[in-house]
Amino acid sequence: SKLLLATANKKKLVELQRILDLALGAERIALVGLGDFEDYPDVPETGLTFGENALIKAREGARRTGLPTVADDSGIAVDALNGMPGVFSARWSGEHGNDLANLELVLAQISDVGDGQRGGAFVCAAALVLPNGREHLVEGKQRGTILRAQRGEGGFGYDPIFLGDGQSRTNAELSPAEKDVISHRGKAFRELAKVIAKEVP
Ligand code: ITT
C-alpha cells in the first residue's frame, strides 16, 4: 500500500524505502515523498524533542493527504555540546539542509575537545499517524565518536565525521546496507515496520 513519508529530504526517502523493503518485503509499501504534492507548505518544526517533531510532521501529512503517514525527525547529539545540535541538526549553520556547513561548524565548535570526550549519538524518532487518528512513535540511536575530519563519500549529513562504536569505518564509508544495520534510522524503522505490518493493510 501507499504510505506518505512526510519529508523533503530525498536521502531519507531512499534509506527508508530500502529499510522497509527489507523488513516487510519489496512490494509491501510504496513510499511517496512530499515532492509529489504541489504547494505542500513548510511545516514549522517547533518541537523540543525529535519525537515531538516527528509527530508534528506526520500529523500534518496525514491531515493534508488522508494517507497513512510516517515521518522521521533525526539528528546528531554531541556530548561536548550538551546534546546540541540535536533537533537543530539540519539548520545548525543557519542554512537549512547545508550538510557541509553544518558539519564544519560542529567540527569547529569541538576542535579543542580531547579524544576521550568526543562522544555523541545519532538519534531518529519515527512516527506513524493513521487516517483514523491512531499514532505510534518509536526511537532509535547509534552511539559513536565525532572525528576531527571527514572520511568517506557515502550517506549524508554528519555521516563523514561519525565513527560508530565498534566500527573501523565512518558511516559515510559503509555501504548503504551496512549503515542500515547499525544506524539510528535502521533501528527506529525496523521497529516501526512491525507496527506498519499490523496497522496498514
Ligand atoms: P525533513 O524535516 O523534511 O524530514 P530534514 O533534512 O530537515 O528533512 P530533520 O529536520 O530530521 O530532516 O534533520 C535531520 C538532520 O540531521 C539532517 O539534515 C542531517 O544533517 C542529520 N542527520 C539525520 N540523519 C542522519 C544520518 O543518517 N546521517 C547523517 N546525518 C543525519
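Note that this is a predicted model, so its numbers are computed, not measured.

Thresholds, definitions, all that
- Residues numbered from 1 in each chain as written.
- Predicted model: local features only at pLDDT ≥ 70, side-chain atom pairs only at ≥ 80, totals over all residues.
- Helix = DSSP H or I, 4+ residues; strand = E, 2+ residues; numbered from the N terminus.
- Rg over C-alpha atoms; globule rule 2.2 N^0.38 Å.
- Axes fitted to C-alpha atoms, helices over the stretch in contact; angles between N-to-C directions.
- Parallel < 35°, antiparallel > 145°, perpendicular 65-115°, else oblique.
- Left-handed = near helix turned anticlockwise from the far one by under 90°.
- Contact = placed C-beta atoms within 7 Å.
- Nonpolar A, V, L, I, M, F, W, Y, C, P; charged D, E, K, R; others polar.
- Near = placed C-beta within 6 Å.
- Pairing = 2+ DSSP bridges.
- Core = buried A, V, L, I, M, F, W, Y, C linked by C-beta atoms within 7 Å.
- Buried ≥ 20, exposed ≤ 12 C-beta atoms within 10 Å, placed from the backbone.
- Expected span 1.5 Å × (residues − 1).
- UniProt positions renumbered as here; feature names shortened; annotations may be inferred.

Asks: For this particular structure, what's the right way to read the overall build of the protein chain?
Replies: A count of helical and extended segments in the protein chain gives 5 helices and 6 strands. The order of helices and strands in the protein chain, counted from the N terminus, is β-α-β-α-β-α-β-β-β-α-α. By the compact-globule yardstick of 17 Å for 201 residues, the protein chain fits well, its C-alpha radius of gyration being 17 Å. With the C-alpha coordinates of the protein chain rotated into their principal frame, the extents come out at 50 × 30 × 25 Å.

Asks: Honestly, the packing of helix H1 (residues 10-24) against helix H5 (residues 184-199) in this entry has me stumped. Any pointers?
Replies: Angle between the axes and distance between the axes are the two parameters that describe a pair of packed helices. The interhelical angle for the contact between H1 and H5, taken along N-to-C directions, is 55°, at an axis separation of 9 Å. Put simply, H1 runs oblique to H5. As for how H1 packs across H5, the hand of that crossing is right-handed. Between H1 and H5, the contacting residues are Glu15, Leu16, Ile19, Leu20, Ala23 and Leu24 on the first element and Arg185, Gly186, Phe189, Arg190, Ala193, Ile196 and Ala197 on the second. Of the residues belonging to the contact of H1 with H5, the class tally is 9 nonpolar, 1 polar and 3 charged.

Asks: Explanation requested: the site of the ligand in the structure shown.
Replies: As a matter of local geometry, the ligand sits amid 24 residues, with Thr7, Asn9, Ser89, Ala90 and Gly157 nearest to it. Contributing elements (two or more residues each) for the shell around the ligand: strand S3 (69-78) and helix H3 (99-109). Counting residues per element, the shell around the ligand draws most heavily on S3, which supplies 5 residues. Here the shell around the ligand is composed, by residue class, of 6 nonpolar, 11 polar and 7 charged.

Asks: I keep staring at the pairing of strand S5 (residues 135-146) and nothing clicks. Help me out?
Replies: Looking down a regular strand, the side chains alternate between one sheet face and the other. Across 11 bridges, strand S4 (residues 119-129) lies against S5 in antiparallel orientation. Residue pairing across strands places Leu128 opposite His136, the latter belonging to S5. Adjacent in sequence and paired antiparallel, S4 and S5 are bridged by 5 residues, among which Gly133 carries a positive phi angle near 95°. Of the strand pairs in this sheet, S5 and strand S6 (residues 162-164) are connected by 3 bridges, and their pairing is antiparallel.

Asks: When you look at the nonpolar core in this model, what are you seeing that I'm missing?
Replies: When a protein is soluble and globular, its nonpolar side chains tend to lie buried together. Formed by 41 residues in total, the largest nonpolar core has its most connected members in Ala54, Ala58, Val70, Ala126, Ala127, Phe189 and Leu192. At the level of secondary structure, the elements contributing two or more residues to this core comprise strand S1 (2-5), H1, helix H2 (50-65), S3, H3, S4, S5 and H5. Per-element tally for this core: the top contributor is S4, with 8 residues. With residues up to four places along the chain from it excluded, the contact list for Ala58 reads Ala6, Thr69, Val70, Ala71, Ala127, Leu128 and Val129.

Asks: Any chance you could explain H2 here in plain terms?
Replies: Every α-helical turn comprises 3.6 residues, leaving residues that sit three or four positions apart pointing alike. The end-to-end C-alpha distance of H2, which contains 16 residues, comes to 23 Å, matching closely the 22 Å that a straight helix rising 1.5 Å per residue would cover. Regarding H2, the residues found buried are Phe50, Asn53, Ala54, Leu55, Lys57, Ala58, Gly61 and Ala62. The inward-facing, buried residues of H2 abut S1, S3, S4 and S5. Gly66, located one to two residues past H2, shows a positive phi value of around 75°.

Asks: Would you mind going over the environment of Arg143 with me for this structure?
Replies: Considering the arrangement of structural elements, one finds Arg143 in strand S5. Along the chain, Arg143 and Val87 lie 56 residues apart, while their C-alpha atoms are 16 Å from each other. Dropping the residues within four chain positions of it, Arg143 is found in contact with Gly119, Ala121 and Asp165.

Asks: Please clarify how the UniProt feature "active site" (unreviewed entry) in the protein chain should be interpreted in this entry.
Replies: Mapped onto the present numbering, the UniProt feature "active site" (unreviewed entry) falls on Asp73. In this structure, Asp73 sits in strand S3. Here Asp73 is in contact with Phe50, Asn53, Ala54, Lys57 and Ala125, once residues within four sequence places are set aside.

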